[in-house]
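Coordinates in review
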Amino acid sequence: MAGHTENEITIAAPVDLVWDMTNDVANWPRLFSEYASAEILSQEGNKTTFRLTMHPDENGTVWSWVSERETDRDTLSVKARRVETGPFAYMNIRWQYHEVPQGTRMVWTQDFEMKPDAPVDDAWMTDNINRNSKVQLALIRDRIEKAAAERGSVPTVTD
C-alpha cells in the first residue's frame with residue numbers, strides 16, 4: 001500500500017510573490033514553523049539539492065534529510081523528492097500554483113510509501129501529513145499575505 005495526500009490553500013497574493021517566497025528554500029525556516037534550518041547543498045539550473053532539519057520533536061529527536069526540487073516556472077509547478085529517504089521507501093512531492101480571482105491557489109500532492117521496518121505505516125503517515133499540511137499551509141498563507149500587504153501587492157489574474 002502507498003500513501004497519497006493532496007492539500008491546497010488559496011493565498012490572497014499575486015502568483016509571482018507566492019512563487020518567489022515558496023521557492024526560496026534557504027528561507028523556509030522563516031516560512032514554515034517545522035524547519036530549524038535549510039541548507040542549500042547544490043544548485044544547477046532549476047534543480048536545488050538541500051538539507052532540511054526540523055525542530056526537535058516531543059521526544060527530543062531531530063529529523064533531517066536531503067531532498068531535491070526542480071522548479072518549472074512556465075507550468076507553475078515543482079517536482080520534489082527525498083534523496084535521503086529515512087523511513088520512507090520513497091517520497092515524491094508536487095507543488096502546483098494556479099492563478100485564481102482571489103490570488104493564488106497552491107496545491108501540494110505527496111506520494112510515498114513507508115519502509116517495512118518504519119516505526120509507522122502508510123495510513124498513519126497519511127493522516128500525519130494531512131494534519132501538518134493544513135497547519136503549514138495556513139501559516140504560509142498568513143506570512144505571504146502579510147508580505148503582500150506590506151508591498152501593496154494585490155492579486156492579478158492574467159488570461
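What counts, and at which threshold
Residues numbered from 1 in each chain as written. Predicted model: local features only at pLDDT ≥ 70, side-chain atom pairs only at ≥ 80, totals over all residues. Heavy atoms only, no water. Salt bridge = Lys/Arg side-chain N within 4 Å of Asp/Glu carboxyl O. Helix = DSSP H or I, 4+ residues; strand = E, 2+ residues; numbered from the N terminus. Buried < 20%, exposed > 50% of the residue type's maximum accessible area, 1.4 Å probe, protein only. Pairing = 2+ DSSP bridges. 1 Å grid on protein atoms, 1.4 Å probe; cavity = no way out; pocket = protein on both sides within 12 Å on 5 of 7 lines; lining within 4 Å. Points joined across faces, edges and corners; volume = space filled by probe spheres on them. Nonpolar A, V, L, I, M, F, W, Y, C, P; charged D, E, K, R; others polar.

So, on to the pattern of salt bridges. Enumeration over the complete set of coordinates arrives at six salt bridges. Among the salt bridges present, the one from R105 reaches E8, with a minimum N-O distance of 3.5 Å. Residue R105 is found in strand β7 (residues 103-114), and its partner E8 is found in strand β1 (residues 3-11); the two are separated by 97 residues along the sequence. With relative accessibility at 26%, the residue R105 sits in the partly exposed group. The partly exposed category is assigned to E8, whose relative accessible area is 46%. As a salt-bridge pair, D142 and R141 come within 3.0 Å of each other at their nearest N and O atoms.

Further remarks concern the pairing of strand β6 (residues 88-100). Every regular strand shows the same layout, with side chains that alternate between the two sheet faces. Taken together, the five bridges between strand β5 (residues 77-82) and β6 define a ladder with antiparallel strand orientation. Across the sheet, residue R81 finds its bridge partner in β6, namely N92. Joining the antiparallel neighbours β5 and β6 is a turn of five residues, in which G86 adopts a positive phi near 55 degrees. Where β6 lies against β7, twelve bridges are found, and the strand directions are antiparallel. In the sheet register, R94 faces β7, and the bridge partner there is T109. From the end of β6 to the start of β7, which pair antiparallel, there are two residues.

Of the volumes computed, that of the largest pocket is approximately 1000 Å³. Contributing to the lining of the largest pocket are 36 residues, with E34, M54, W65, R82 and N128 lying nearest its centre. For the lining of the largest pocket, the secondary structure elements donating two or more residues are β3 (47-54), β4 (64-72), β5, β6, β7 and α3 (122-151). A total of seven residues in the lining of the largest pocket trace back to one element, the largest contributor, which is α3. Broken down by class, the residue content of the lining of the second largest pocket amounts to three nonpolar, one polar and four charged.

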